[in-house]
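# Per-entry structural report
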There are 2 protein chains.
Amino acid sequence: MLRPGQTIGILGGGQLGRMLAMAAARLGLRTHVFEPDPEAPAAQTANAHMIAAYEDQGALAAFAEAVDVVTLEFENVPAAAVAFLEARVPVRPGAAVLAVAQDRVAEKTLAAQAGAQTAPFVAVDRLEDAQAGLKVVGLPAMLKTRRAGYDGKGQRKITSEAELAAAVTALGTKDLILEGFVPFIAEFSVIGARGLDGAIALFDPPVNVHRNHILDTSTVPSGLGPAIEEKGRAVTRLLLDRLNYVGVMAVEFFALADGAVLVNEIAPRVHNSGHWTLEACIVSQFEQQIRAVAGWPLGDPARHSNAVMTNLIGAEAEHYAAIAAEPGAALHLYGKKEIRAGRKMGHITRLTGPAR
Amino acid sequence: MLRPGQTIGILGGGQLGRMLAMAAARLGLRTHVFEPDPEAPAAQTANAHMIAAYEDQGALAAFAEAVDVVTLEFENVPAAAVAFLEARVPVRPGAAVLAVAQDRVAEKTLAAQAGAQTAPFVAVDRLEDAQAGLKVVGLPAMLKTRRAGYDGKGQRKITSEAELAAAVTALGTKDLILEGFVPFIAEFSVIGARGLDGAIALFDPPVNVHRNHILDTSTVPSGLGPAIEEKGRAVTRLLLDRLNYVGVMAVEFFALADGAVLVNEIAPRVHNSGHWTLEACIVSQFEQQIRAVAGWPLGDPARHSNAVMTNLIGAEAEHYAAIAAEPGAALHLYGKKEIRAGRKMGHITRLTGPAR
C-alpha cells in the first residue's frame, strides 16, 4: 500500500490523466506523467512531467526510478515501453492485459472464452479473409483496424459486397477485423475496479448515446432494467477476475431487443462514460483507479444522485460562459489550447435528483 | 471574465490554495502560487509556483506579469505586498478588505457598523486600556492579538483581574483586543460569495465544533433552525455588499440561548468549515472563489446532501488506511510531509443522506 507522498506514474497525458492526477492529489499521493506533449492536459495537474517519446529508454528508466507504481490513461502505449517499465516497477494493469485490450480480435476472443456474447467477428489479414468473413457475419458489417482505433477512427461500414475491396485497402489490408452489425436497442457500459487484494467494485451502468461515433451522453440510472444491467455486471466481474486485473476497467455493451447483452469493447482504464462518478459518487472512477493501483482499499461505488454527463466536443466548449451560469451544472474543461472538430474539450455533469 | 487557459495568482500555498488550484483546473483555468515554501501543499497542484518572500518586489512584479488576477488563501499576507500587486493587476478581495480582516478591532467595528452584534470588545495598547476595558467587558474575558492569530494562537483567557498584567505582557502589550466572554450555545458559519457583478450566493450554514481551539467538525444541516441561520445569512450579505467584496468570505458566528447571533470572526477567503461543499454541492466553495475572482457567474450553492466534515489533526492522519476503507467517506490529505501536533493534515467528508 503506497503511503501518502509516494508517487504514481501515469502513461499518457490527456484529460483522463488530468483527472487521475487530481484524484491522487485528494489522497495526498503524487503523480508523474509520461507524455511527449509539453502542453498536455495531465501535465497541468500532475506533480511532475517527463516529456519524452515512448521509445526513449533513458527517459523510461528515469521515470521508473522516480515513481512507485505505474498506471496508464490510454491503452495504445507501445507494448515495448510497458514491458521495459514492467521489468523495473509494478505496472497496473500490466502488459498482458494491454496485449488483449490493444487488439480487437484478442479482446473479443477473451470475452467469448469468458462466456460472454459478442457480435460475430472474423480476423482479416487479406481481402480473401474479408470476402469469406462476410458470409459469416452478414450484411451490413463493420470493418475496423484491430489496433489503435477510437471515436470512430479506423473503421468503415460495409453495406454491400462491392464496397469490401476498397474498404480493406483503405484500412491497410491486414490486422483488420470484420464484425457483424448488431441491431442493438441501447449501448451501456460497466465501469469496474479490482483491487490488489482481489476485491471488486462496480459503478452503476450508464446508458450511453453516441453522436458521430463519439460519446455524447451517459445517464444513470440507465433505465434498461436490472436483468440487462446484471448481465453486464456479471461479464465485467468475470473479465476482471480472469485477467487478474488491478485497476479500473470499462466494458462497453450492446443491449438487444431480446434481452441479450453483447460485449462491444474493453478499455483497460477509466472511461468517458464514467465521468459522472466525480459528482454522483463519494469516490469517483479516477480515485478508484488510484486506489487500486496504489494498493489501497477500493472505494464505495454507491451513487448518491442520478446524473447525466454530456461531452463538450469541439466548438461546443465555446459556450462555457452559458454553461457556467446554469444552476446545477458541473462544468469541466480540460485545458486544451486549441479547439478542433471532434476533439473532446470538456464535459458537463448535471445531477438530476437523489439516487433511485 | 477570464477565458479558459488564463491564470489566477494565489497568495499562499497551504491546503486552501491546493484545493483552489484543483477547482480552477476543473474549469480549465490555470493557477500560479506565490509562496516561500518550495514543498507547499498548493504548489503540488498549481501550474506554476513562485518561491519567494512577500518582501521580494522583483518576484512580486514578475508574478503580477504572469497572472491575470490575484486572490489569496490566507489573510495575513503583508499589506505592502498586496498594495504592490494591486497597482499592477486586479487583486480580489483587495487591500481595503484585507486591512479590515487582518485586524480584530477593525473587523468587529465593521460588523457593528453593519448593524451586527459582536461580543463586547476594547482595543488595548497598554496595560491601563486592559484594566479599564475589563470593567466594560466583564469576567471571564479573552485577550487576543489584533493581528495574525489563528487556531487559538495569540490568545489568553482571563478569569481574574490578577491575571491581566502577565497576559498583556506575554502578548506584547500593544495591538491587542480584550473581548467579553460570550455564553454561546453553538458556533456556526456562513460561507458566502459575491461576484464581480454584485450577485451573492450563500452556502448553507454548518454548525461547527472546536477541539483545542481547532475546528473539529462542521455539520449541515446545522440543526439551529431557520431563524438563527437567517440572521447569519443577513449579516453575511450585508458585509459582502458593504465591502464591495469579490470572492468567498466566511463569517463565524456565535448563537446564544436567547436567539441572538454574534459575529465572531470574518475570514476573507475559503474556510475550513466549508470543505464539505466539495462533496455535498455541485459547485464547491473553492470553485465559487475561482468563479468570483475570474469574473465568472457564481455557481449554484444548493446542497444535494447532508454532510459531516471532520478534520484530521496531527497524528490522526496516520489512520488514513482505515478511513480509506470506510464506505461513504471521502478522504482528503494535503500532501504535508511532516506530521506535527495541531497541524491540519487532511479531512474527511461523510455524506449522511439526501439534503433536507
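For the structure, check the block above.
Residues numbered from 1 in each chain as written. Chains lettered and ligands numbered in written order. Predicted model: local features only at pLDDT ≥ 70, side-chain atom pairs only at ≥ 80, totals over all residues. Heavy atoms only, no water.

## Thoughts on the relation of the copies chain B and chain A
Put simply, the second copy of the chain is the first one after a rotation about an axis and a shift along it. Its rotation angle being 180°, the transformation that places chain B on chain A also includes 0.0 Å of axial translation and leaves an RMSD of 0.0 Å. Viewed as a symmetry operation, the transformation between the two copies matches a two-fold axis. Looking at the rotation axis and the C-alpha trace of chain B, the residue lying nearest is B:Thr45, at 2.8 Å. Both copies present the same face, since 100% of the interface residues in chain B are matched by interface residues at the equivalent positions in chain A. (Least-squares fit on C-alpha atoms with pLDDT ≥ 70 in both. Contact = heavy atoms within 4.5 Å.)

## Some words on the sheet that holds strand β7 (residues 141-145) of chain B
Whether parallel or antiparallel, the strands of a sheet pair through hydrogen bonds between backbone atoms. Residue and element names in this part refer to chain B. Spatial strand order, β6-β9-β7-β8: four strands in an open sheet with antiparallel pairing. Among the strands making up the open sheet, the edge pair consists of β6 (121-124) and β8 (155-158). Sheet twist, expressed as the average angle between the axes of neighbouring strands with direction ignored, equals 20°. By the bridge criterion, four bridges tie β7 to β8 in an arrangement that is antiparallel. Note on β8: the bridge partner recorded for alanine 141 is isoleucine 158. (Pairing = 2+ DSSP bridges. Helix = DSSP H or I, 4+ residues; strand = E, 2+ residues; numbered from the N terminus. Axes fitted to C-alpha atoms, helices over the stretch in contact; angles between N-to-C directions.)

## Here we look at the packing of helix α2 (residues 57-66) of chain A against helix α3 (residues 79-86) of chain A
All names here are of chain A. Axis separation between α2 and α3 bottoms out at 10 Å; the angle between their running directions is 40°. When the axes of α2 and α3 are compared, the pair comes out oblique. Our pair here, α2 against α3, has a crossing hand that is right-handed. Along its contact with α2, which presents Gln57, Leu60, Ala61, Phe63 and Ala64, the element α3 presents Ala81, Phe84 and Leu85. (Parallel < 35°, antiparallel > 145°, perpendicular 65-115°, else oblique. Left-handed = near helix turned anticlockwise from the far one by under 90°.)

## Notes on the sheet that holds strand β6 (residues 121-124) of chain A
Residues and elements named next belong to chain A. The strand order β6-β9-β7-β8 describes an open sheet built from four strands, whose pairing is antiparallel. Edge positions in the open sheet fall to β6 and β8 (155-158), since each of these has one partner strand only. With direction set aside, neighbouring strand axes in the sheet form an average angle of 20°. Sheet strands touched by helix α5 (residues 104-113): β6, β7 (141-145), β8 and β9 (176-180). Its angle to β9, the strand with the most contacts, is close to 45°. The strands that helix α6 (residues 127-137) touches are β6, β7 and β9; relative to β6, the one it contacts most, it runs at about 180°.

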